[in-house]
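Coordinate inspection notes
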Amino acid sequence: MKILFSFHLPHYLCNQVMTHLDLSKSTTSIEHLSKHVGQSVTLRGWVANKREGKGIAFIILRDGTGFCQCVVTEENASSNDLEIAQSLSLECSIEITGNVLADEKQIGGVEIQVTNLILVGTSENYPIAKKEHGIEFLLDQRHLWLRSTRQWAIMRIRNTITFAIHEYFQKEGFVQMDAPIFTGNACEGTSTLFETDFYGQPAYLSQSGQLYGEAMAMAMGKIYTFGPTFRAEKSKTRRHLSEFWMIEPEMAFYDIFKNMDCIEGFLQHVIKRVLENCKHELETIGRDTSVLESSLKTFPRMTYDQAVRIIKGDENVNGVNSITSLEEELAKTQAKLQEIDAEIADREAKLATPGLKKGEINFHQTKIIQLKQDKTDIEEDLRNIPQWIASAKNFEYGNDFGGSDETVLTRLFDSPVMVYDWPHEVKAFYLKRNPDDERFARGVDVLAPEGYGEIVGGGERETDVNMLTQKIHEHQLPMEEFEWYLDLRRFGSVPHAGFGLGLERLVTWICKLKHVRESIPFPRMYGRIKP
Ligand code: 4AD
Ligand code: MG
């Protein structure tokens, strides 16, 4: 990157931040610019990009609501303003005033003809350049990385999802509750608890607000929690965070089937809102929305039994067999790799021919970088597919699903699928047994398509105090910590159900991210606590 600040700059450029900015001045935001065509507006934000020519500077301004091109010339502004504009570097903060012109070719369909420019804060040697950076570097720079276009779009989608979640439950008459974060007991197994010191007593960071949610549902009828949740597994997979946000509705007088209706209505509402309100953001991150659209139809529901038959290839889905379709995909992927290798070799040969124009060299080089990126993805598939085939063939009835099993199953569908009635041994202590077949607990997992797997876990709750007591013993949980929970069954016990959605898992799928770490502003995961 060109260093734009040097000792011969005018003195006002050496200020770190301008202190006499008139903050009472009325300003506009970029997202509303199209309503101001033909008017003069003031915008405040940061320099996302800049190009300059003789007597002209083009600034891409971002203000958090969007991006727009601002053109600075001596005629419309002043020579002073042009000088400032030409010396701006990435992420300088500025205030500009200018006329809004309609221009279909520009982002947002408008362009600003700048009449006045104020430098607010300088930015020298911004560490995130336009070139590619490694993921660990970007995570170390997360406080700045959040300003990048792609991260900006993801966070805006996350915000839309959060709003849509509250909107859905509030409209449906649920009461939002805040469950405690310090807890005395485990909810989802003792192996993933973060222990803290609570005035000399051990306490744990909440793994789930569910048990408290059940108490509140008996007071309010229908509730939902939306809070931070902690899991201490030393897992480095692409879907595990140590700290994440979970939404946990709990409903009195609901069984597993009404619970599944609720999950489906809820998820579809959220997906619809993202499709309606985040068109630009989805485009920015290159999300093909066809699977989100096909997720607006009924989600397939199947028992664990049926899901296992499908995974093992003993039952087809719409004529497609899990194992043979994976084998076909493996062959296709191998062919694709050969094609890519051939194209890379071809372009490299072209680059070696003498007398190539600069434009042609750039063109081939860019293509090669793209092809090599595609190649890494394909090579990853080539490593994964044989594992998926093996784990599907060898799946042992009675086990919980692993990531591979979820992938094998969900790739046969173009919407989330719901799997219910799980072997009770592999699920949490609080789930009710299927009254018609005691081997199964009435849990439900919602598995997202496109290889994303579990986004929701839930189920109908055990109402029988003796059955629960027995389960607490079996799971070797401290009985005294659960006495209050057992009270819920002693005093007016009713059928009830609920579920937990991991916000980041949903954001990751909706945005089709490679890793959950990009779905949360400051990820906390095994090996990362900073920044
Ligand atoms: O399946 P889980 O463990 O279920 C519960 O905690 C229940 N108490 C929920 C309920 O019935 N009220 O977690 C629920 C969801 C998962 O499906 C997943 O989306 C998310 O929480 N989740 C995680 N997300 C990111 N990182 C992790 N380590 C996660 N663990 C669970
Ligand atoms: Mg689960």
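Report follows, based on the coordinates. (Residues numbered from 1 in each chain as written. Chains lettered and ligands numbered in written order. Predicted model: local features only at pLDDT ≥ 70, side-chain atom pairs only at ≥ 80, totals over all residues. Heavy atoms only, no water.)

Lining the immediate surroundings of ligand 1 are 22 residues, of which Glu188, Gln210, Glu248, Glu454 and Ile455 lie closest. A distance of 3.0 Å separates an oxygen atom of ligand 1 from a polar side-chain atom of Arg461. In the complex, the protein chains occlude 93% of the 630 Å² of accessible area that ligand 1 would expose alone. Listed by contribution, the elements that provide at least two residues to the shell around ligand 1 are β11 (243-252), β16 (453-460) and β17 (496-502). (Near = heavy atom within 4 Å. Polar contact = N/O pair within 3.5 Å; in protein donor to acceptor, adjacent residues only side chain to side chain. Areas by Shrake-Rupley, 256 points an atom, 1.4 Å probe, with all protein chains shown as cover. Helix = DSSP H or I, 4+ residues; strand = E, 2+ residues; numbered from the N terminus.)

Here the focus is the nonpolar core. Counting 53 residues, the largest nonpolar core has Ile161, Ile165, Phe169, Phe266, Leu267 and Ile510 as its most contacted members. For Ile165, the residues in contact, after removing those within four places along its chain, are Phe226, Ile247, Phe266, Val270, Leu501 and Leu503. With 32 residues, the next largest nonpolar core counts Leu330, Phe413, Val417 and Phe440 among its residues. (Core = buried A, V, L, I, M, F, W, Y, C linked by side-chain atoms within 4.5 Å. Buried < 20%, exposed > 50% of the residue type's maximum accessible area, 1.4 Å probe, protein only. Contact = heavy atoms within 4.5 Å.)

Looking now at a nonpolar patch on the surface. On the surface, Phe182, Phe198 and Tyr199 cluster together to form a nonpolar patch covering roughly 400 Å² of accessible area. Tracing the backbone through its elements, the reader meets Phe182 in strand β7 (residues 182-183). (Patch = residues over 30% accessible without salt bridge, like charges linked within 9 Å, V, L, I, M, F, W, Y side chains within 5 Å. Salt bridge = Lys/Arg side-chain N within 4 Å of Asp/Glu carboxyl O.)

Bringing the environment of Pro180 into the picture now. Along the polypeptide, Pro180 turns up in the loop between β6 (175-177) and β7. Taking the C-alpha atoms as reference points, Pro180 and Ser206, 26 residues apart in sequence, are found 7.2 Å from one another. Residues in contact with Pro180, not counting those within four places in the same chain, are Ser206 and Tyr212.

Glancing now at the packing of aromatic side chains. Within the structure shown, the criterion is met by 21 aromatic pairs. The interplanar angle of 55 degrees and the centroid separation of 4.9 Å between the aromatic rings of Phe182 and Phe198 together place this pair among those described as tilted. Placement of the pair is Phe182 in strand β7 and Phe198 in strand β8 (residues 195-198), with a sequence separation of 16 residues. What makes Phe182 partly exposed here is its relative accessible area of 47%. Measuring from centroid to centroid gives 6.1 Å for Phe429 and Tyr485, while their planes differ by 70 degrees, and the two rings are edge-to-face. With Phe429 in the loop between β13 (417-423) and β14 (433-434) and Tyr485 in helix α14 (residues 483-490), this pair connects stretches of sequence that are 56 residues apart. Like Tyr485, Phe429 is buried. Feature note: the residues Tyr168, Phe169, Phe174, Tyr224, Phe266 and Phe499 constitute an aromatic cluster, connected by ring pairs. Taking the ring centre of Tyr254 as reference, the NZ or CZ of Lys258 above it sits at 4.4 Å. When the ring centre of Trp422 is taken as origin, the NZ or CZ atom of Lys427, which lies over that ring, is 4.2 Å away. (Phe/Tyr/Trp six-rings, centres within 6.5 Å; stacked < 30°, edge-to-face > 60°. Lys NZ or Arg CZ within 6 Å of the ring centre and 35° of its normal.)

Any two side chains of opposite charge can pair, so long as their charged atoms come close to each other. Evaluated as defined, the whole model comprises 39 salt bridges. A salt bridge links Glu483 to Arg490; the nearest nitrogen and oxygen atoms lie 2.9 Å apart. Using a relative accessible area of 39% as the deciding quantity, one classes Arg490 as partly exposed.

Another aspect to go through is the sheet that holds strand β3 (residues 67-73). Pairing is mixed around the closed barrel formed by five strands, whose spatial order is β1-β2-β3-β5-β4. Neighbour to neighbour, the strand axes of the sheet diverge by 50 degrees on average, direction disregarded. Taken together, the seven bridges between strand β1 (residues 40-53) and strand β4 (residues 93-102) define a ladder with antiparallel strand orientation. Within the sheet, the bridge partner assigned to Leu43 lies in β4 and is Ile96. (Pairing = 2+ DSSP bridges. Axes fitted to C-alpha atoms, helices over the stretch in contact; angles between N-to-C directions.)

Let us look at the environment of Phe363. Locating Phe363 in the fold gives a position in helix α11 (residues 358-393). For the pair Phe363 and Arg287, spaced 76 residues apart in sequence, the C-alpha to C-alpha distance is 25 Å.

In this section: the side chain of Thr508. Checked against the element boundaries, Thr508 lands in helix α15 (residues 503-510). We classify Thr508 as buried; its relative accessible area is 6%. Engagement of the side chain of Thr508 in a polar contact is seen with the backbone oxygen of Glu504, the distance being 2.6 Å. Excluding anything up to four places from it in sequence, Thr508 contacts Tyr452, Leu513, His515, Val516 and Ser519.

Taken together, the three strands give an open sheet; going across it, the order is β7-β9-β8, and neighbouring strands pair in antiparallel fashion. Both outer strands of the open sheet, β7 and β8, are each paired with one neighbouring strand and no more. In terms of strand pairing, β7 meets strand β9 (residues 201-205) through two bridges, oriented antiparallel. In the sheet register, Thr183 faces β9, and the bridge partner there is Tyr204.

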